Amino acid sequence: MTTGAGGGAGLSGGPLQVLRQTIKHGGFRALYTGIPLPLAAQAVYKGTVFSVNNILEQAILDYKRKEKREIAELTLADRLFCGFAAGSVNAGLFVTPVEYVRNQLIAKQTRLAKSSGSGAIAMGELGTSWGLIRDVIKGDGVHTLWRGVGITIVRDGIGVACFFSAMAFSRQYLVEMFEKEEGHTNGGKQPSLGITVASGGFAGLAYWMVSLPFDTVKTWIQSADSSASAARAISPVQALRQIYSEFGLLGVASRLNRGWQVAYGRGIPSSAITISVYSYAYQALEQYNNE
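Worth saying up front: this structure is predicted, and the values here are computed from it rather than measured.

### A look at the environment of Ser211
Inference 1: Secondary-structure assignment places Ser211 in helix 6 (residues 193–223).
Inference 2: The sequence separation of Ser211 and Arg155 amounts to 56 residues, and the corresponding C-alpha distance is 5.2 Å.
Inference 3: Dropping the residues within four chain positions of it, Ser211 is found in contact with Arg155 and Gly159.
Inference 4: At a separation of 3.3 Å, a polar atom in the side chain of Ser211 contacts the main-chain carbonyl oxygen of Arg155.

As structure tokens, this is what we get:
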């Protein structure tokens, strides 16, 4: 969905155009380019984010109880801090190298498709995630896998902070509106499935509303040629300056939010599913441990 800093590199246009170009040049399997590593990493992502967030939230609550605060509950600032820390830790340790490999494979698939006369890519020509990792480490060093770590931490720190805050407050609001009389208050029963799904959807929307511009810049950086010289050819500030000089302020806003349809269309339902599964699995494990 995103393009190079100047708007010409990579695929451009709307979601349907990108879908047609991808299938035309690489077939349906091109839709899943670079997916094995990100798919395997999702369990690590979610486990890290939820674990760090829960540990920090519990530590804050314990501190407030120890200090005998009148109201020992999490404030908006508490939730934002815990979410930012959770997203930053996850981005710094795991997300950056995984997404770097994925973006490199996607960029390679695009270059191969454009360079071939028919647009078709031979089986095995693209390579694998592990093969790319070996080549990067051998050629430019393991640190190259963390290219774009700064912008990734900013994206996920702010995004996850908004994610958990939106989830908590939308759930609280919906419970008070629809289920307060049924005893579903804070510290009470698990909210209904409908409210859990809705709060997860709001969380996903909040994440992508603030994260998409940072995600676009990160993709520009990580999709560039993996050689050491090319790694210095683009930075977030340089990319934004180039677009501003060519297209003006509206052009910057347009390109930073390109692909919002796919981001929202994917992020909202996936977050609703994630929160629902997590909430009910967590409740089931708590009940099992208390028996």
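Following the structure, the description resumes.
### Considering the environment of Ala206
Inference 1: Along the chain, Ala206 falls in helix 6.
Inference 2: The exposure class assigned to Ala206 is buried, which follows from its relative accessible area of 17%.
Inference 3: Separated by 47 residues in sequence, Ala206 and Gly159 have C-alpha atoms that sit 7.3 Å apart.
Inference 4: Each residue touching Ala206, except ones within four places of it in the same chain, is listed here: Cys162 and Ala166.

### Structural notes on the confidence of the model for the chain
Inference 1: Of the residues in the chain, 78% reach a pLDDT of 70 or more, and the chain-wide mean stands at 82.
Inference 2: For the chain, helix 7 (residues 228–231) is the element with the lowest average pLDDT, namely 44, and helix 5 (residues 149–178) is the one with the highest, namely 95.
Inference 3: Taken together, the stretch residues 1–11 has pLDDT below 50 and engages in 35 contacts with residues farther than four places along the chain or on a different chain.

### Description of the packing of aromatic side chains
Inference 1: What the rule picks out here adds up to six aromatic pairs.
Inference 2: Among the aromatic residues, ring-to-ring pairing joins Phe50, Phe163, Phe164, Tyr278 and Tyr282 into one connected group.

Thresholds, definitions, all that
Residues numbered from 1 in each chain as written. Predicted model: local features only at pLDDT ≥ 70, side-chain atom pairs only at ≥ 80, totals over all residues. Heavy atoms only, no water. Helix = DSSP H or I, 4+ residues; strand = E, 2+ residues; numbered from the N terminus. Contact = heavy atoms within 4.5 Å. Polar contact = N/O pair within 3.5 Å; in protein donor to acceptor, adjacent residues only side chain to side chain. Buried < 20%, exposed > 50% of the residue type's maximum accessible area, 1.4 Å probe, protein only. pLDDT = per-residue confidence, 0-100. Phe/Tyr/Trp six-rings, centres within 6.5 Å; stacked < 30°, edge-to-face > 60°.

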